[in-house]
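Structural features, examined
Take a look at the letters that make up each chain.
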Amino acid sequence: KNAIEGKVIFLTGAGSGIGRATALKLSKLGARLALSDLNIESCRETAKQCAGGPHQVTLLNVSEYKRCIETIKDAIGYFGRIDHVFNCAGINPTARDLVDCSEDYFDKLVAVNLKGVYNVTKATIPYLRSGSAIVNVSSICGIHPHKQMAIYCATKYAIIGFSKSMALELGPKGIRINVVAPGYIETPTNASVVAGEEALKKTVEQVALGRMGKAGEVADVVAFLMGDESRYMNGSVVEVNGGTG
Ligand code: NAD
């Protein structure tokens, strides 16, 4: 029996990319999943592709705190408990100078990428217990500065500060919280970033392994961070970027 088998795991952004790949991985390991996403149709499709079950599918905008509370309560009603949490919902914006970023754009990125993590973490803590794990998604943009990505970078740096501080708060309860920081991963949203051979070549040139990552390669690390083999990791940031300068 692996450490994930039989666990109940709550995921945000489960309808696409890294969230979907992680759902598939965790379901193969025998977890039961509370899958949530702003896009209910794609979330249902994720559930369909998952192994085992039963899995729950919920429409959730992570930027709405009240909805997060209700959704977590629903998941508790359905499964009786939540063991682990994967905060993956996020917006990968296209690059633009700060002068071209509206206040709405700033508010939206902060509301989804940062406040979403706060909302779901806060809503789930009362139900977690010793042995539980939270994994938050930062980015290579949370580790190094990136041109034309100031606001996105700010949210992804903030997730690391939040998670490391929460690790100190939750550690005494036996609850671990860690961060995965992906590099250039092939997912629907960043398809626009690497559209065209020239853009793809430029991206891949920055990666020592000479290729973009696959969503499943991030999912493997998330499963590790929820499992028993990472039991002494708390407040850690794991970069999954193939060696990106
Ligand atoms: P994706 O667009 O494929 O998936 C993101 C999912 O989040 C979508 O299903 C979307 O509907 C959902 N979502 C968006 N706003 C939401 C909201 N307000 N509430 C709930 N769900 C919402 O993107 P992805 O590339 O898989 O990204 C997943 C996470 O990984 C994001 O946090 C992103 O910043 C991060 N990330 C991605 C990469 C990459 O190269 N793809 C690199 C570093 C970090």
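Above this note sits the structure.
As a starting point, this report considers the structure included with it.

Side note on the overall build of the protein chain
A count of helices and strands for the protein chain gives seven helices and nine strands. Taking 245 residues into account, the globule formula puts the C-alpha radius of gyration at 18 Å, and the protein chain, at 17 Å, falls close to it. Dimensions of the protein chain, computed from C-alpha atoms along their principal axes, come out at roughly 50 × 35 × 35 Å. At a minimum sequence separation of 6, the contacts of the protein chain that also span at least 24 residues come to 68%.

Observations concerning empty space enclosed by the protein
Following the criterion strictly, the structure yields two cavities of 30 Å³ or more and no others. For the largest cavity, the calculated volume is near 50 Å³. In this structure, the largest cavity is lined by Pro 93, Arg 96, Leu 98, Cys 101, Tyr 105, Leu 109, Gln 148, Met 149, Ala 150, Ile 151 and Tyr 152. With three residues, helix H5 (residues 150-170) is the single largest residue contributor to the lining of the largest cavity. Its residues assigned to classes, the lining of the largest cavity comprises nine nonpolar, one polar and one charged. A volume near 30 Å³ is recorded for the second largest cavity. Taken together, Thr 12, Val 62, Asn 87, Cys 88, Ala 89, Val 112, Gly 116 and Val 117 make up the lining of the second largest cavity. With three residues, the top contributor of residues to the lining of the second largest cavity is helix H4 (residues 103-124).

Re the nonpolar core
Leu 11, Leu 26, Leu 33, Phe 86 and Val 180 are the most contacted members of the largest nonpolar core, which has 29 residues in total. If you list the elements that add at least two residues to this core, you get strand E1 (8-11), helix H1 (17-28), strand E2 (32-37), helix H2 (40-49), strand E5 (133-137) and helix H7 (215-226). Here this core gets eight residues from one element, more than from any other, and that element is H7. The contact partners of Leu 26, leaving out residues within four places of it in the chain, are Ile 4, Ile 9, Leu 11, Ala 31, Leu 33, Ala 223 and Met 226. Judged by nonpolar contacts, the second largest core, of 23 residues, contains Ala 34, Val 120, Leu 128 and Met 166.

Points about the side chain of Asn 87
Here Asn 87 is to be found in strand E4 (residues 84-87). Those residues in contact with Asn 87, other than ones at most four positions away along the chain, are Thr 12, Gly 116, Val 117, Val 120, Thr 121, Ile 134, Val 135, Asn 136 and Val 137.

Looking at the side chain of His 55
When you line up the elements, His 55 lands in the loop between H2 and strand E3 (56-59). At a separation of 3.0 Å, a polar atom in the side chain of His 55 contacts the main-chain amide nitrogen of Leu 33. Within the structure, His 55 has its side chain in polar contact with the backbone nitrogen of Gly 53 (distance 3.4 Å). Beyond its immediate sequence surroundings of up to four residues, His 55 is in contact with Ser 27, Ala 31, Arg 32, Leu 33, Leu 35, Ala 47, Cys 50, Tyr 78 and Phe 79.

Digging into the site of the ligand
Of all residues adjacent to the ligand, which total 28 residues, the nearest are Ser 16, Ile 18, Asp 37, Tyr 152 and Thr 187. Separating an oxygen atom of the ligand from a backbone N or O atom of Ile 18 is a distance of 2.8 Å. Contact between the ligand and Cys 88: an oxygen atom at 3.0 Å from a main-chain N or O atom of the residue. Contact with the protein chains removes 92% of the 820 Å² of surface that the ligand exposes when unbound. With respect to the pocket detection grid, the ligand is positioned in the largest pocket.

Brief notes about the packing of H1 against H2
Viewed as axis vectors pointing N to C, H1 and H2 meet at an angle of 25 degrees, and their least axial separation amounts to 9 Å. The angle between H1 and H2 falls in the class roughly parallel. In terms of crossing hand, the pair formed by H1 and H2 is right-handed. Judged by residue contacts, Arg 20, Ala 23 and Leu 24 of H1 engage Ser 42, Glu 45, Thr 46 and Gln 49 from H2. Here the residues of the contact of H1 with H2 are counted per class, giving two nonpolar, three polar and two charged.

How each quantity is defined
- Residues numbered from 1 in each chain as written.
- Predicted model: local features only at pLDDT ≥ 70, side-chain atom pairs only at ≥ 80, totals over all residues.
- Heavy atoms only, no water.
- Helix = DSSP H or I, 4+ residues; strand = E, 2+ residues; numbered from the N terminus.
- Rg over C-alpha atoms; globule rule 2.2 N^0.38 Å.
- Contact = heavy atoms within 4.5 Å.
- 1 Å grid on protein atoms, 1.4 Å probe; cavity = no way out; pocket = protein on both sides within 12 Å on 5 of 7 lines; lining within 4 Å.
- Points joined across faces, edges and corners; volume = space filled by probe spheres on them.
- Nonpolar A, V, L, I, M, F, W, Y, C, P; charged D, E, K, R; others polar.
- Core = buried A, V, L, I, M, F, W, Y, C linked by side-chain atoms within 4.5 Å.
- Buried < 20%, exposed > 50% of the residue type's maximum accessible area, 1.4 Å probe, protein only.
- Polar contact = N/O pair within 3.5 Å; in protein donor to acceptor, adjacent residues only side chain to side chain.
- Near = heavy atom within 4 Å.
- Areas by Shrake-Rupley, 256 points an atom, 1.4 Å probe, with all protein chains shown as cover.
- Sits in = over half its atoms within 2 Å of the grid points.
- Axes fitted to C-alpha atoms, helices over the stretch in contact; angles between N-to-C directions.
- Parallel < 35°, antiparallel > 145°, perpendicular 65-115°, else oblique.
- Left-handed = near helix turned anticlockwise from the far one by under 90°.

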